[in-house]
Amino acid sequence: MLLLCGMALGSGATISRARAGGLKESLGRNEVRVYGAPYRIELGTSVTRARLVDRLERLEYSRVHSRPTEIGQYFWGTTSFWIYRRPFRFGGDQVEPALLGLDLNASCGRILGFKDSTESTGFSTSAASLPRVFRLEPEILAESLRPNHAVGIEVSFDNLPEHVWRSVLAAEDARFFEHRGIDARSVARAAIANARHGRVTQGGSTITQQLIKIRDLSPKRTVGRKLSEAARAMVLEAQYSKEEILESYLNSIYFGHYEGVELWGLGTAAQVFFSKPPRELNLEESAVLAAVIQAPNRFNPERHPEALEGRWRWVLSRLRELEWVEPEELNRIASAKLPGLRLQSPEVPPAHHFIDWVGKYLASVRPKKNSVSQGAILETTLDLQLQRDAEAAITSGLDRIRARLSTAQATQLSAALIAVNARSGDVVAYVGGDPRRRIDGFDRVRNAHRQPGSAIKPLVLLEAFESCGRRSPLYPAQRITDRALRRMLPSGPWEPQNADGRFHGTVTLRQAVIASLNTPFVRLADWCGFDATAKRVRRAGLPLPEEAKAVPASFVLGSVEASPLEILTSFTVIGALGYRTEPRPIRRIRLPSGRLVKKVRASQRKVVGRPAAYLIRDMLEDVISEGTARAGKLEGVDLWGKTGTSSQGRDAWMVGGFGDYLAVVWVGLDKGAPVGLSGSRAALPIWRQFIHAAAGQLPADKPARPRGVVERLVHESSGLLARRSGSGIRKELFRRGYLPKQKRFWRRNSPTEVIE
């Protein structure tokens with residue numbers, strides 16, 4: 001875990017949190033809850049860098065001035081931090097409420113240890129009863145798998161003015177407080193009206209029945225469904241109070257679309273149409289929302305105000321008829337005009353591309369025998385704080401780049417970012433495009449297939465360091481030639497050049513990676529075999545053609561197409577030291593009742609041994625410290641990574657990470673036209689901003705050197721091993737058993753072989 005102290009970053013916006021208590025706590029069979037990942041509070045992290053207060057405030061914890069005494073409170077002092085955690089389900093276990101104490105470094109807020117609620121002073125990290133990791137309950141990411149579903153703004157019945165809920169009852173169920181779930185009078189009245197008109201003109205459903213239909217039943221109008229609806233309504237009325245049922249209905253009802261976003265719940269509709277919370281609605285505004293409920297699209301306040309006005313006046317007349325309007329209000333509403341709208345864009349959940357992927361992923365992993373009908377509880381891997389950090393990095397990065405482009409190019413410019421735990425496959429951040437494009441159907445993480453350029457070079461090293469075809473495995477100190485070469489391709493002669501326009505003679509593989517030289521990698525693939533190299537890269541996850549003849553020799557410099565997700569998957573081989581890990585957005589799938597349907601396990605496949613992967617990762621640390629990605633350095637964090645730039649600067653890439661975590665950033669024009677972008681100038685700053693935020697919130701320990709890797713001294717001029725340090729001698733890493741010869745004193749040695 002990162003041990004540095006640092007400044008807190010900006011706070012994120014609030015998203016609705018889990019409902020708790022009574023009917024709010026239960027989910028109907030049609031309802032969906034998509035949760036982010038619980039945050040792990042670990043020793044060594046900083047309260048500020050971990051954004052702990054931001055996380056608690058989004059979870060609606062309240063700050064108190066002393067040790068908390070109630071669930072949902074926290075206290076932040078100079079040397080201690082207390083959290084009274086709420087209960088939640090994690091995995092197969094129910095996590096109980098607990099008062100958690102953190103002992104802090106007074107100067108920077110770093111967590112030194114945990115303490116239980118019985119301790120008055122000091123702290124304990126060794127007590128068997130105290131774990132070294134605590135989790136906070138997960139945040140709600142979304143309440144639908146449709147990415148255009150607005151974030152819900154929950155209303156409480158106790159905080160609503162009477163005229164707000166009375167307007168809804170006048171429009172939908174005036175006898176709500178009198179019946180027991182079924183209203184015989186309403187059913188009879190609707191039957192007579194429908195018979196008179198020869199078609200369905202009225203419904204006899206009560207609010208309780210409507211709530212059952214929304215939560216539990218299909219929209220099909222069948223006799224069986226109506227009987228089930230009635231029976232369930234009576235059961236619901238027996239279990240819960242009228243106020244709870246009405247509150248749940250107000251939070252569940254559909255109010256149509258605005259700006260392509262679905263509006264569900266009275267709180268959301270009030271904010272979007274009138275830019276105010278429901279408690280501030282006047283009578284006329286309340287009647288507007290009540291009028292919309294019957295036919296949200298036909299009575300849409302923005303698109304069909306004329307049709308709405310007739311229904312609105314009917315609601316007001318019903319209020320007058322039921323004597324639910326104060327006498328002094330009667331004259332005013334008799335001459336009232338339809339209230340003007342003060343429209344406000346609805347808030348959509350963060351990571352709408354991720355939510356779309358979750359839905360598709362759910363369909364692919366859900367077994368038919370345990371099919372979730374329409375509702376589900378999904379425990380995802382996404383960290384909502386890291387997601388907001390990723391969105392902020394993309395937003396600021398795109399603004400910076402657009403300032404240098406023409407108007408046409410700036411309009412088409414976009415970016416993508418995905419971050420993952422390379423060992424578990426947990427996707428912790430996912431941005432499929434410009435976050436300000438609120439409903440953007442094109443997910444660039446999964447669907448933008450572009451050339452990775454030099455970002456592919458570390459994958460070429462996989463075969464070289466593991467087995468190198470039928471030759472002996474190579475190592476970072478292997479000498480190789482960087483000079484002009486010419487290859488005949490089906491498209492004609494190919495003469496790769498370096499980015500600086502020069503050739504550098506004999507270099508080591510480490511130097512070739514640091515400077516991102518091109519011709520050494522062509523020679524390397526030729527030496528180990530293009531087919532063997534392509535096969536290893538394909539096993540890592542890059543979608544090369546299966547037919548050997550269909551793979552161009554230029555693939556070693558990135559002339560193949562891959563999505564950011566595919567690039568990320570292939571680089572997990574380096575992040576997880578030899579294992580390709582399939583990214584997963586979901587950990588567990590449950591029914592709304594809570595029953596476990598499926599646990600999505602991490603999927604790994606060995607591609608190379610740990611020593612080979614470790615050598616590549618070590619070389620990529622030098623790319624950050626002194627190579628093409630040196631602008632990405634962060635003090636105190638062991639970073640590794642590689643930039644990439646495709647032909648004519650069409651695509652800019654940065655891939656790399658720290659600890660077990662890995663992130664990929666792509667920047668380019670959606671139409672793929674040349675724009676002159678480079679990985680170091682366009683993608684690297686976005687990656688660095690995100691990694692800077694993530695390194696304070698996630699474990700950043702560098703993996704231990706495998707036993708199969710040894711350090712030796714090497715003569716730079718000859719590549720031979722040296723006995724002692726001196727001029728022209730440096731340290732280098734090798735796989736045990738695959739070392740060059742040692743220089744001898746008593747007779748001349750031939751230098752190590754140079755790959756031509």
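Criteria and thresholds
- Counting restarts for each chain, with residues numbered from 1 along the sequence as it is written.
- In view of the model being predicted, local features appear only for residues whose pLDDT reaches at least 70, and side-chain atom pairs are presented and counted only at 80 or more, with totals across whole chains, interfaces and linings using the full set of residues.
- Side-chain numbers come from the whole structure's heavy atoms, not from hydrogens or water.
- Think of it in three bands: with a 1.4 Å probe and only protein chains considered, a residue is buried below 20% of the maximum accessible area for its type, exposed above 50%, and partly exposed in between.
- Counting from the N terminus, the helices are DSSP H or I runs at least four residues long and the strands are E runs at least two residues long.
- Note on pairing: DSSP must find at least two bridges between two strands before they are called paired.
- In this analysis an axis means a line fitted to C-alpha atoms, helices contributing only their contacting stretch, and an angle means the value between N-to-C directions, from 0 to 180 degrees.
- Note on contacts: a residue pair is in contact if any heavy atoms of the two residues lie within 4.5 Å.
- A residue's pLDDT is the confidence the predictor assigns to it, expressed on a 0 to 100 scale.
- For this analysis, a nonpolar core means a set of buried residues of the types Ala, Val, Leu, Ile, Met, Phe, Trp, Tyr and Cys, connected via side-chain atoms within 4.5 Å.
- Working definition: rings of Phe, Tyr and Trp (its six-membered ring) pair if their centres are within 6.5 Å, and the pair is stacked with planes under 30 degrees apart, edge-to-face with planes over 60 apart, and tilted otherwise.
- Here, over-ring charges are defined by two tests on the NZ atom of lysine or the CZ atom of arginine: distance to the ring centre within 6 Å, and angle to the ring normal within 35 degrees.
- The rule for a disulfide is simple: a pair of cysteine sulfur atoms within 2.5 Å.
- Each helix should span, by expectation, one fewer than its residue count multiplied by 1.5 Å.
- Take a side-chain nitrogen of Lys or Arg and a carboxyl oxygen of Asp or Glu: if they are within 4 Å of each other, that pair is a salt bridge.

### Here we look at the pairing of strand β16 (residues 427–431)
Put simply, side chains in a regular strand alternate between the two faces of the sheet. Here β16 lies mainly inside the structure; 5 of its 5 residues are buried. The pairing of strand β15 (residues 413–421) with β16 spans 4 bridges and is classified as antiparallel. Looking at β16, one finds that I418 is bridged to Y430. The hairpin turn running from β15 into β16, its antiparallel successor, is 5 residues long, and G425 in that turn takes a positive phi close to 85°.

### Comments concerning the sheet that holds strand β11 (residues 140–142)
Spatial strand order, β11-β1-β14-β22-β23: 5 strands in an open sheet with mixed pairing. Edge positions in the sheet fall to β11 and β23 (596–599), since each has one partner strand and no second. Averaged over all pairs of adjacent strands, the angle between their axes in this sheet comes to 25°, without regard to strand direction. Two elements, strand β1 (residues 32–35) and strand β14 (residues 376–380), share 4 bridges in a ladder whose sense is parallel.

### Considering helix α18 (residues 530–540)
Turning to α18, its buried residues number three or more, namely T533, A534, R536, V537, R538 and A540. Looking at the buried residues of α18, the elements they touch are α15 (457–466), α17 (519–528), α19 (564–575) and β21 (579–581).

### As for the confidence of the model for the chain
The pLDDT averaged across the chain works out to 87; a share of 89% of its residues lies at or above 70. In the predicted structure, residues 1–20 sits below a pLDDT of 50 and forms 68 contacts with residues beyond four places in sequence or in another chain. Scored below 50 in pLDDT, residues 119–128 makes 21 contacts in the model with residues more than four places away or belonging to other chains.

### So, the nonpolar core
The biggest cluster of nonpolar side chains holds 130 residues, and the ones touching the most others in it are L417, F465, L524, F658, V667 and F690. Sequence-distant contacts of V667, that is, excluding residues within four places in its chain, are made with I401, L413, S414, A415, R650, D651, A652, L677, A682, A683 and I686. Among the nonpolar cores identified, the runner-up in size contains 52 residues, and I245, L246, F299 and I333 belong to it.

### So, the packing of aromatic side chains
Counting across every chain of the model gives 13 aromatic pairs. Between W165 and F177 the ring centres are 5.7 Å apart and the planes differ by 65°, which places this aromatic pair in the edge-to-face class. Here W165 is found in helix α2 (residues 162–172), whereas its partner F177 is found in the loop between α2 and α3 (184–197), with 12 residues between them in sequence. Looking at W165, the relative accessible area reads 9%, which means it is buried. With a relative accessible area of 34%, F177 lands in the partly exposed category. Members of the aromatic cluster, joined through ring pairs, are F157, W165, F176 and F177. The ring of Y39 has R55 sitting right over it, with the charged end atom 3.7 Å from the ring centre. The aromatic ring of F176 is capped on one face by K242, whose charged end is 4.4 Å from the ring centroid.

### Re the state of the cysteines
Scanning the entire structure with this criterion turns up 1 disulfide. A sulfur-sulfur distance of 2.1 Å marks the disulfide that ties C468 to C528. Here C468 and C528 share a disulfide; its torsion about the S-S bond, -90°, makes the bridge left-handed. A residue pair is termed long-range when its members are at least 10 positions apart, and C468 in the loop between α15 and β17 (479–482) and C528 in helix α17 qualify at 60 residues. Under the relative-accessibility criterion, C468 is labelled buried at 0%. Overall, the relative accessible area of 7% leaves C528 in the buried class.

### A closer look at helix α11 (residues 352–365)
Over its 14 residues, α11 extends 20 Å from the first C-alpha to the last, a length consistent with the 20 Å expected when each residue adds 1.5 Å. Taken as a whole, α11 has its buried residues at H352, H353, F354, I355, W357, V358, Y361, L362 and V365.

### Quick word on the sheet that holds strand β30 (residues 754–755)
Strand order across the open sheet formed by 3 strands is β20-β17-β30, with mixed pairing between neighbours. Two strands lie at the open edges of the sheet, namely β20 (505–508) and β30, each paired on one side alone. Across 4 bridges, β17 lies against β20 in antiparallel orientation. Counted as the bridge partner of I480 is V507 from β20. Sheet contacts for α17: β17, β20 and β30; angle to β17, the most-contacted strand, approximately 125°.

### Remarks on the pattern of salt bridges
Between side chains of opposite charge, a pair can form when the charged atoms approach closely. Taken as a whole and assessed by the stated rule, the structure comprises 48 salt bridges. Note that K360 and D356 form a salt bridge whose closest N and O atoms lie 3.0 Å from each other. On the criterion of helical spacing, the pair formed by K360 and D356 is a turn pair, its members being 4 residues apart in helix α11. Overall, D356 belongs to the partly exposed group, its relative accessible area being 24%. Across the salt bridge formed by R486 and E495, the nearest N and O atoms sit 3.2 Å from each other. Several salt bridges converge on common partners, so that one network encompasses R510, D618, D622, E716, R730 and E732.

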